[in-house]
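Observations on the three-dimensional arrangement
Chain by chain, the residues run as shown.
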Amino acid sequence: MIDFTAASAPARSTELFARARAALPGGVNSPVRAYGSVGGTPRFLVSARGPYVTDADGREYVDLVCSWGPAILGHAHPGVVDAVQRAAAKGLSFGAPTPGETELAEEILRRVPAAERVRLVSTGTEATMTAVRLARGVTGRDLIVKFAGCYHGHVDALLAQAGSGVATLALPGSAGVTAATAAETIVLPYNDLAAVEAAFAERGDQIAAVITEASPANMGVVPPLPGFNAGLARIARAHGALLIQDEVLTGFRVGPAGWWGLEGAVEGWAPDLFTFGKVVGGGLPVAAIAGSAVLMEQLAPLGPIYQAGTLSGNPVATAAGLATLRAAGPEVYARLDDVAARLSAAVSAALSAEGVAHRIQRAGNLFSVFFGPDASSAGVRDFAAAQAQEVYRHAPFFHAMLAGGVNLPPSVFEAWFVSAAHDDTALDRIVSALPSAARAAAAADPPT
Ligand code: PLP
């Protein structure tokens, strides 16, 4: 097998990685960045603009990570940078209410009219953690239903069979989660309403909430089957439990009102609670929980469920989020859809030309590649099928793309993120890198 990792080792990133490993566990502050599943040296990035990122060795890549989602307008969008600079010039953090927080909340509510109140936090993890606490607080119940392959951040109760980095590292969950906490989480196969019905039939009066990614993208992109999310809302309601729709990844990315705007709003149903992150902060740390006034006002200071944050609603971060949402009009979403359609078709054509069995699954402008004949013939509807793909084809594909100047997510279980700044020049560069990457994927040997 060709050793792509050694061939392309960049001197400055190699040096920085060695130094980082002496100071940070694994040299990183979030596990997937360490290139564990693809091998080689993570590129240390020093700047980014539009669809491009530049590493410490001065190499420029077309970026399909986009900060794992937030950069829908492209990197360093002038309007967002300007808003951040203006906000920063007025002070970095006050620990008091600011007008910008209300404006951002109003923008969220305008886009998602199914919600009436918003609480701003700093990370998606905080948002899902708070949503779970709120659900437990209002129902007086302890159990949470989650789905295998869905990732909701590193909340203790939600790490079991999680996607994203947990899947990338092939971990069943996380050490350090108490047995008592794990016992309060029921993990079910995704897209399996019968399993949800059965769990509720057995323990429905103890279940506080079902939490689901609105359209999962942390086990690769595995969209809900028609009626699945509406079924969750119906079953939860029938048993007095809440439905938490986690839109940290999809929210304001797949459309102006996130996945709910494409599905629930059209079908006429809504979850009880939404969680948002990523795009809502435009690249700075903002996330949110949203829902009806009755539910949300159970949070402190009005209600008994405590939640707080020194930097919650930070003025610089909310300025970035607001500027991003305000700039993300219909033309941005149309462009994102167009880029995703063209790119996924080009990837598929390149893989087919080399005889690599694969399936590309899309959810709006999110997509990912699943390798192997099973994925190709049957599609991927759940985590078991995602894990059963030919994972080993991803690392050589990834490294060949990197050598061709394209920065892909360094995990087969992550979605590819496009931006509205991905113009034809950037797309052409990706397309030119594809044939050699497809050849590398075709030549990959299964692990012995
Ligand atoms: N929920 C989903 C669906 C996510 O994709 C993520 C992060 O990727 C999170 C929650 C956690 O967000 P954060 O990394 O900001 O804590």
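Shown above is the structure to which this text applies.
Below, the structure is looked at part by part. All of these numbers come straight from a predicted model, not from anything done at the bench.

**A word on the overall build of the protein chain**
Of the regular secondary structure elements, the protein chain holds 18 helices and 13 strands. In terms of C-alpha radius of gyration, the protein chain reaches 21 Å, essentially the compact-globule figure of 22 Å for 448 residues. Considered along the principal axes of its C-alpha atoms, the protein chain spans approximately 60 × 55 × 45 Å. Taking all contacts inside the protein chain whose residues are at least 6 apart in sequence as the whole, residues at least 24 apart take part in 73%.

**Notes on the packing of aromatic side chains**
Going through the model one piece at a time under the given rule, you end up with 13 aromatic pairs. Taken together, Phe252, Trp260, Phe274 and Phe276 form an aromatic cluster joined through their ring pairs. The residue whose ring lies beneath Arg21 is Phe17, and the NZ or CZ to ring-centre distance is 4.2 Å.

**Observations regarding the packing of helix H8 (residues 193-203) against helix H9 (residues 228-238)**
Two elements in contact, H8 and H9, have axes separated by 10 Å at closest approach and are oriented at 10 degrees. It follows from the interaxial angle that H8 and H9 lie roughly parallel. Contact with H8, carried on its side by Leu193, Val196, Glu197 and Phe200, involves Phe228, Gly231, Leu232, Arg234, Ile235 and Ala236 of H9 and no other residues of that element.

**A closer look at H8**
Restricting attention to buried positions, one finds in H8 the residues Ala195, Val196, Ala199 and Phe200. With its buried residues spanning 135 degrees around the axis, H8 presents them on a single face. Summarising the geometry of H8, the exposed residues directed more than 90 degrees from the buried face are Ala194, Ala201 and Glu202. Taken together, the buried residues of H8 touch strand E5 (143-147), strand E6 (185-188), strand E7 (207-213) and H9. Of the residues that open H8, the one with a side-chain oxygen 3.2 Å from the backbone nitrogen of Ala194 is Asp192.

**Structural notes on the site of the ligand**
Every residue close to the ligand is listed here: Thr123, Gly124, Thr125, Tyr151, His152, Gly153, Glu213, Asn218, Asp246, Val248, Leu249 and Lys278. A distance of 3.4 Å separates a nitrogen atom of the ligand from a polar backbone atom of Tyr151. One of the side-chain N or O atoms of Asp246 is found 2.7 Å from a nitrogen atom in the ligand. Relative to its free-state accessible area of 390 Å², the ligand is covered by the protein chains to the extent of 82%.

**Describing unusual backbone geometry**
In this chain, Ala300 is followed by Pro301 through a cis amide linkage whose omega measures 15 degrees. Structurally, Pro301 can be placed in the loop between helix H12 (293-296) and helix H13 (315-327). For Cys66, which is not a glycine, the phi torsion comes out positive at approximately 50 degrees. Relative to the elements of secondary structure, Cys66 occurs in the loop between strand E3 (60-63) and helix H3 (78-89). Positive phi outside glycine occurs at Ser67, with the angle close to 60 degrees. As for its placement among the helices and strands, Ser67 is situated in the loop between E3 and H3.

**Focus: the pattern of salt bridges**
This model, assessed by the stated rule, comprises 15 salt bridges. Here Glu103 ties to Arg326 by a salt bridge, and the two come within 3.1 Å at their closest N and O atoms. Highlighted residues: Glu103 in helix H4 (residues 99-111) and Arg326 in helix H13, separated in sequence by 223 residues. With a relative accessible area of 53%, Arg326 lands in the exposed category.

**Digging into the sheet that holds strand E8 (residues 242-247)**
The mixed open sheet is built from 7 strands, whose spatial order is E4-E10-E9-E8-E7-E5-E6. The open sheet is flanked by strand E4 (117-121) and E6, the only strands paired with a single partner. When strand polarity is set aside, the average angle formed by the axes of neighbouring strands in this sheet is 20 degrees. Summarising the sheet, strand E9 (residues 273-276) and strand E10 (residues 287-291) pair through 4 bridges and their orientation is antiparallel. Bridge assignment links Phe276 to a residue of E10, and that residue is Ala288. The strands touched by H4 are E4, E9 and E10; relative to E4, the strand with the most contacts, the crossing angle is about 125 degrees.

The rules behind the values
- Residues numbered from 1 in each chain as written.
- Predicted model: local features only at pLDDT ≥ 70, side-chain atom pairs only at ≥ 80, totals over all residues.
- Heavy atoms only, no water.
- Helix = DSSP H or I, 4+ residues; strand = E, 2+ residues; numbered from the N terminus.
- Rg over C-alpha atoms; globule rule 2.2 N^0.38 Å.
- Contact = heavy atoms within 4.5 Å.
- Phe/Tyr/Trp six-rings, centres within 6.5 Å; stacked < 30°, edge-to-face > 60°.
- Lys NZ or Arg CZ within 6 Å of the ring centre and 35° of its normal.
- Axes fitted to C-alpha atoms, helices over the stretch in contact; angles between N-to-C directions.
- Parallel < 35°, antiparallel > 145°, perpendicular 65-115°, else oblique.
- Buried < 20%, exposed > 50% of the residue type's maximum accessible area, 1.4 Å probe, protein only.
- Arc of directions from axis to C-beta.
- Polar contact = N/O pair within 3.5 Å; in protein donor to acceptor, adjacent residues only side chain to side chain.
- Near = heavy atom within 4 Å.
- Areas by Shrake-Rupley, 256 points an atom, 1.4 Å probe, with all protein chains shown as cover.
- Salt bridge = Lys/Arg side-chain N within 4 Å of Asp/Glu carboxyl O.
- Pairing = 2+ DSSP bridges.

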